[in-house]
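Each chain, letter by letter, is given below.
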Amino acid sequence: MEDSHSFAFASRRDARSLHLHPLHDGGRRTKTFMLPKPPAALRLSAPPPASASAVYDLSVLRYSTSTDNKRSSEVRRSPRSTSMTKQHVYFVRYGLTKYPLVENVGPYDSPLHPVDGYEQGIAMARRLASMPSPPQVVYSSHLHRAVSTSQIIVHALGKTKDSIRIEEGLTEWLTPSLTVEPDGTRLEPRTVRQLVDMTFVEIDQGYESLNPIRENPKNGSEGAPYFFESEEYLIEKRAKVTTERILEHAGGQDICIVSHVPTAQAMALHLEGAPSIAESKIGPWPLGGVTMFTKESGCREWKLEMYADTAHMPGEYKNGLKEWCLPCLTR
């Protein structure tokens, strides 16, 4: 895709204009373009853990009766007639984290909440597994909350071997307010080896990041993530390079991308291809929101079919809570 769209940024909108805590909790449903309802076979077959100290068992992704197993298998393996003519790209924002991220304070690599975060992750996974063309592989940020969500998703899809591709280009926006603690300690994401040792054995250890983080912005390829990025660089450079490289690597497969709102919004802007920010449909993105783009075979343009939808989320989060948005998209 050609880099034919550029956006103007107001000088007052910089990293300092971010306000991550308290998160906006307006209780509004986000813009929705399609609302498929997950089939009954994809409902949870077990309750979430009783306490926050419990270890979440991924076996809840299995179904309780042979009939349910048969039906869920049919959902995952049904003939993918639409995928013969369309490619699907799903963007997923993780659920509630154990520790809330506070701007300029942290923590910046919190795990999912051991009850709510995992329950919401399962709801997202069920949604993806119930789609007519579910993703075949997951590309994930290397931060804990994203990898945990990816792990839940691949189990729901029945793809647990070499099914998570850790991509550094999907990491959080590398701006000081989101990566540097008060004592000056900078975010240091775990390596693939460390993540595998943490029991994320679904990670494809043979995959090499397509857009790795670089320490010096003067060294390395244009568009690589680096400390510290401007909002304009994130949108105009990093997101475009990461998106195009992932799409090329996927080779037409339906994919899921688990990332962070700044990065996911910047990538969505690139796929949407709106002439300007003012004309874009990209806006606030709540916890657990799922976005879907499709592209017809032989066509270069992507179609935004669903944005930041939360119809699958449990409880009050179904209404779209704890939204976040890039400063340039705040209207």
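About the cut-offs
- Residues numbered from 1 in each chain as written.
- Predicted model: local features only at pLDDT ≥ 70, side-chain atom pairs only at ≥ 80, totals over all residues.
- Heavy atoms only, no water.
- Helix = DSSP H or I, 4+ residues; strand = E, 2+ residues; numbered from the N terminus.
- Contact = heavy atoms within 4.5 Å.
- Areas by Shrake-Rupley, 256 points an atom, 1.4 Å probe, with all protein chains shown as cover.
- Pairing = 2+ DSSP bridges.
- Axes fitted to C-alpha atoms, helices over the stretch in contact; angles between N-to-C directions.
- pLDDT = per-residue confidence, 0-100.
- Buried < 20%, exposed > 50% of the residue type's maximum accessible area, 1.4 Å probe, protein only.
- Polar contact = N/O pair within 3.5 Å; in protein donor to acceptor, adjacent residues only side chain to side chain.
- Lys, Arg positive; Asp, Glu negative; His and termini not counted.
- Salt bridge = Lys/Arg side-chain N within 4 Å of Asp/Glu carboxyl O.
- Parallel < 35°, antiparallel > 145°, perpendicular 65-115°, else oblique.
- Left-handed = near helix turned anticlockwise from the far one by under 90°.

**Focus on the overall build of the protein chain**
Looking only at helices and strands, the protein chain has seven helices and six strands in total. Walking the protein chain from its N terminus toward its C terminus, one meets helices and strands in the order α-β-α-β-α-β-α-α-α-β-α-β-β. Restricting the contact set of the protein chain to residue pairs at least 6 apart, pairs at least 24 apart contribute 77%. Counting only carbon and sulfur atoms, one obtains 51% of the accessible surface of the protein chain, whose full area is about 14,500 Å².

**Observations concerning the sheet that holds strand β5 (residues 290-296)**
In a beta sheet, neighbouring strands are held together by backbone hydrogen bonds and run either parallel or antiparallel to one another. Taken together, the six strands give an open sheet; going across it, the order is β3-β2-β4-β1-β5-β6, and neighbouring strands pair in mixed fashion. Single-partner strands in this sheet number two, and they are β3 (164-166) and β6 (303-309). Averaged over all pairs of adjacent strands, the angle between their axes in this sheet comes to 20°, without regard to strand direction. Pairing of strand β1 (residues 86-93) with strand β4 (residues 255-259), which is carried by five bridges, proceeds in the parallel orientation. Counterpart to Tyr90 in the pairing with β4 is Cys256. Those strands touched by helix α3 (residues 144-157) are β1, β2 (137-140), β3 and β4, and its axis lies near 175° from that of β2. Helix α6 (residues 231-250) contacts β1, β2, β3 and β4 of the sheet and is inclined by roughly 145° relative to β4.

**Quick notes on the confidence of the model for the protein chain**
Per-residue pLDDT for the protein chain averages 80, and the proportion of residues at 70 or more is 75%. Overall, residues 1-55 carries pLDDT values under 50, and its contacts beyond four positions in sequence, including any with other chains, amount to 134 contacts. Contacts for the low-pLDDT stretch residues 62-83, under 50 throughout, to residues beyond four places or in other chains number 32 contacts.

**Quick look at the side chain of Thr97**
Counting through the fold element by element, Thr97 comes out in the loop between β1 and α2 (116-129). For Thr97, a relative accessible area of 16% corresponds to the buried category. A polar contact of 3.0 Å, which involves the side chain of Thr97, links it to the backbone oxygen of Tyr99. If sequence neighbours within four positions are ignored, Thr97 has contacts with Ser110, Pro111, Leu112, His113 and Arg145.

**Description of the pairing of β5**
With respect to burial, β5 is a largely interior element, six of its seven residues being buried. Pairing geometry for β1 and β5, over seven bridges, is antiparallel. Paired with Phe91 across the two strands is Thr291, which belongs to β5. Where β5 meets β6, four bridges bridge the pair, whose relative direction is antiparallel. Within the sheet, the bridge partner assigned to Val290 lies in β6 and is Asp309.

**Observations regarding the side chain of Arg93**
Position of Arg93 relative to the elements: it lies in strand β1. Despite its burial, Arg93 pairs with no opposite charge, the nearest such side chain being Glu172 at 8.0 Å. Of note is the side chain of Arg93, whose polar atom sits 2.8 Å from the backbone oxygen of Lys322. When neighbours within four sequence positions are excluded, Arg93 is seen to be in contact with Met124, Ser259, Val261, Trp285, Pro286, Leu287, Gly288, Gly289, Lys322, Glu323 and Trp324.

**Structural notes on the packing of α2 against α3**
It is the contact of α2 with α3, at a shortest axis distance of 8 Å, that shows an interaxial angle of 45°. Viewed along their axes, α2 and α3 adopt a mutual orientation that is oblique. Note on packing geometry: the crossing formed by α2 with α3 is right-handed. Here Tyr118, Gly121, Ile122, Ala125, Leu128 and Ala129 of α2 lie close against α3, whose contacting residues are Ser148, Ile152, Ile153, Ala156 and Leu157.

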